[in-house]
Structure formats: C-alpha cells, structure tokens
Amino acid sequence: MNYVRMYKNRDTGEMMKEIEAKKQWREEYDGDDPTNPARSEDQYELARFWYGMIKRICPIECLPIQGLIERIDDETGEYFDIMVYDHLLPAEEATRNELLFIKMDFS
C-alpha cells in the first residue's frame, strides 16, 4: 500500500505532501543549485501521526511497519502502546489494527 509523508513549511506553515514539498524546495528555495548550502530539512518539518493501540490484538510485529517512526510506552495506561508514523494511516488499516488516532505533531 502506498503512503504519503506530509511536511510543514517552516516559513508559511503550509502543509503539503512530500512530492509537493520537494517541488517547492527546488523551485523556490534551492533552484537545483548544487552549491546552495541550505538543506530542505531546515525548511520543512516532517509530520508525525500518533496512534494509541486500543487492544493488543496481535504482536507488535503484525502492525503496519511501513513508515513507523517509533513505539512509545503509554505512561497514562490509556493505551497498550503508542505508535508514531510518518504518514496518516488509512482509516481501514487503523480500524483493522485497533489503532486510534491521537494527534499530529512535527519533528
């Protein structure tokens, strides 16, 4: 299944897909200039999507792995684990894996 990373432009606050961010970087910031010392990572922040595991229906290895950034212990006890992805999971995939969207933030 294809997934799309999302980025936020630090200057404008605009959210965009990865392909759009790369295009904007080339056209507005970099100009495909190999001598430009600026880096796209300094201009764009990767969106991170947090999901709470409602039920432990299977081992963690069975959960969606593509785009998984990290697994965090939930200190509140509300969820079994917190899974952080670099993309928004399709609703069907989140439901099938008993994952509840918690929040989005930026790295």
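Above this text is the structure in question.
Residues numbered from 1 in each chain as written. Predicted model: local features only at pLDDT ≥ 70, side-chain atom pairs only at ≥ 80, totals over all residues. Heavy atoms only, no water.

Trainee: Which parts of the structure should I look at to understand the overall build of the protein chain?
Mentor: Assigned secondary structure in the protein chain consists of 3 helices and 6 strands. Secondary structure elements in the protein chain, listed N-terminal to C-terminal, are β-β-α-α-β-β-β-α-β. The globule rule puts the C-alpha radius of gyration for 107 residues at 13 Å, and the 16 Å found for the protein chain is more than 25% above it. When the backbone C-alpha atoms are referred to their principal axes, the protein chain occupies close to 50 × 30 × 20 Å. In the protein chain, which comprises 107 residues, the proportion classed as buried is 35%. (Helix = DSSP H or I, 4+ residues; strand = E, 2+ residues; numbered from the N terminus. Rg over C-alpha atoms; globule rule 2.2 N^0.38 Å. Buried < 20%, exposed > 50% of the residue type's maximum accessible area, 1.4 Å probe, protein only.)

Trainee: Looking at this structure, I do not really get the nonpolar core. What am I missing?
Mentor: When a protein is soluble and globular, its nonpolar side chains tend to lie buried together. If you look at the biggest cluster of nonpolar residues, it comprises 10 residues: A47, F49, Y51, M53, L63, M83, Y85, L89, A94 and L99. Among the elements of the structure, strand 3 (44–53) and strand 5 (81–85) are those that each provide at least two residues to this core. Listed in part, the 6 residues of the second largest apolar core include Y7, M16, A21 and W25. (Core = buried A, V, L, I, M, F, W, Y, C linked by side-chain atoms within 4.5 Å.)

Trainee: Looking at this structure, how should I read the packing of aromatic side chains?
Mentor: Taken as a whole and judged by the stated rule, the model has 5 aromatic pairs. Relative to Y29, the ring of W25 lies with its centre 5.7 Å away and its plane at 20°, an arrangement referred to as stacked. Taken together, the residues W25 and Y29, both in helix 1 (residues 18–30) and 4 residues apart, mark about one turn of the helix. Owing to a relative accessible area of 11%, W25 belongs among the buried residues under this scheme. (Phe/Tyr/Trp six-rings, centres within 6.5 Å; stacked < 30°, edge-to-face > 60°.)

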